[in-house]
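Listed here are the chains, written in short residue letters.
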Amino acid sequence: MSGYLDRIGAGSILASPSVLDYDHLPEELVGRDDIKQELASKFTAIASPEGASRAVITGPVGSGKTVLAKTFCRDLVRHLAGKRNIQIAHVNCRNASTSMRVAQRILHQLDPGHPDRGLSMGELLLSLRKMLRHSSTHLVVVLDEVDHMLRRSGDELLYQLLRIDEDQQGTGTLSLILISQEQVLDVLETAVLSKFGITNHVRIPPYTLDGLKAIVRQRAETALVPGTWSDSIMTLLAEKAAPSGDARMVIELLSSAVERCEYRQDEHSERKISIEDVHAFNNNLALDTSAHLEQVDELPPSVMLALLAMCRRLKTQETMTMGDVEGLYAVVCEEYEQKAKSHTTLWKYVKAIEVAGLIESRVATVPGGRGRTTHLSMPHYLPADLASRLELLLPKRLR
């Protein structure tokens, strides 16, 4: 009865499912070297016994704001171990959207048994001061999606946290990191902004293609069974997510491809992610390419021949070169009894196909370092589907 469940947990492809979770914290944050350096520069004072630092991190969805803050705080604790007792309190202000709830969450992370009812904001902050002083702890508070708290409660809690050392001997009790999609410095009152510092802003852009490649390869190396994926498949996934620049998208695409590969496993299947797995339709992730195939209908027949040549190769390979295109194009022209065009004209056809969004190109160095070559791929369409439509259209268009 339950034999269909045998594949669950079989691990033919996926060895460590948790690595494909959004919340997985990698040992090293890849694709953000410059941003890590910039954030570290904002925290130079924290190495001093009474130093404190501040930063606000902003960027679009999927740009890695939260994972940047978490990996930075983890690495900071390791770096200063033995020099300074640092603790981290990370609060998601979407879940705790009032200043009172945020203050309670901060205290609970330091003392899980601390009461969260019947205390005023002043009493909560007083408890926090005493706790940090008695333990000689420097606390780094990370307020994720802080704009939710600011909209509901304003910035009074930020002001109080920034003034936590007032009326006490010594300084450097607390550092603060704010995370938001929005530029929250613009909405802070002058008193808060003057203490926070307008130069402590770290802006994160969307991920580049190279950054997405680094992320998806890192996840594959730690999550998948060795030998079940190829570097070119990871590049195809990165190219598929590149228009969004969203790390979550490339991780989700990898997870979807793995799921599809696991689904089709039997005694005859190759235990390796294929092009078809990458393009498997998913309502939440990818274009339903069957509904967009009509995009090729408006191409001139001569361009269709070149596209068909590429589709036939990209059915089985992730990328191809212009040399591959020329060889296959000649075969397709012979098949349809058409005269093959020159190299220059064929190159124009390929660029027209790229402008139409059907393929993508990237230039890479030839192995051995001699010259550069163009690699073509089809990250947003299933080549077999396009080939079938072209084979249906071409006999009519060439009459």
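First, a word on scope: everything that follows refers to the structure included in this document. A quick note: this is a predicted structure, and the numbers were derived from the prediction, not measured.

Conventions we followed
Residues numbered from 1 in each chain as written. Predicted model: local features only at pLDDT ≥ 70, side-chain atom pairs only at ≥ 80, totals over all residues. Heavy atoms only, no water. Disulfide = S-S within 2.5 Å. Buried < 20%, exposed > 50% of the residue type's maximum accessible area, 1.4 Å probe, protein only. Salt bridge = Lys/Arg side-chain N within 4 Å of Asp/Glu carboxyl O. Helix = DSSP H or I, 4+ residues; strand = E, 2+ residues; numbered from the N terminus. Pairing = 2+ DSSP bridges. Axes fitted to C-alpha atoms, helices over the stretch in contact; angles between N-to-C directions. Polar contact = N/O pair within 3.5 Å; in protein donor to acceptor, adjacent residues only side chain to side chain.

**Some points on the state of the cysteines**
Thinking step 1. Tallied over the entire structure, the rule returns zero disulfides.
Thinking step 2. For the unlinked cysteine Cys 311, the closest cysteine sulfur is that of Cys 333, found at 14 Å.
Thinking step 3. A residue is classified by how much of its surface remains accessible, and Cys 311, at 0% relative accessible area, is buried.

**Side note on the pattern of salt bridges**
Thinking step 1. Scanning the model with the defined rule gives 17 salt bridges in all.
Thinking step 2. Ionic pairing is found between Arg 74 and Asp 75, a salt bridge with its closest N-O pair at 3.1 Å.
Thinking step 3. In this structure Arg 74 comes out as buried when scored by relative accessible area, which is 16%.
Thinking step 4. With its nearest N and O atoms 3.1 Å apart, the salt bridge here joins Arg 151 to Asp 147. With a gap of four residues between them, Arg 151 and Asp 147 both fall in helix H5 (residues 147-153), about one helical turn apart.
Thinking step 5. Residue Asp 147 is classed as buried on the basis of its relative accessible area of 9%.

**Considering the sheet that holds strand S1 (residues 54-58)**
Thinking step 1. The strand order S2-S3-S4-S1-S5 describes an open sheet built from five strands, whose pairing is parallel. At either end of the open sheet lies a strand with only one pairing partner, and these are strand S2 (86-92) and strand S5 (201-203). Between one strand and the next, the sheet's axes are offset by a mean angle of 15°, whatever the strand orientation.
Thinking step 2. In this sheet, strand S4 (residues 174-180) lies alongside strand S3 (residues 138-144) in parallel orientation, the contact comprising five bridges. When the sheet's bridge partners are listed, Leu 143 is paired in S4 with Leu 178.

**Observations regarding the environment of Ser 342**
Thinking step 1. You can see Ser 342 is positioned in the loop between helix H13 (322-335) and helix H14 (343-355).
Thinking step 2. Between the C-alpha atom of Ser 342 and that of Glu 326, which follows or precedes it by 16 residues, the distance is 9.2 Å.
Thinking step 3. At a separation of 3.1 Å, a polar atom in the side chain of Ser 342 contacts the side chain of Thr 345.

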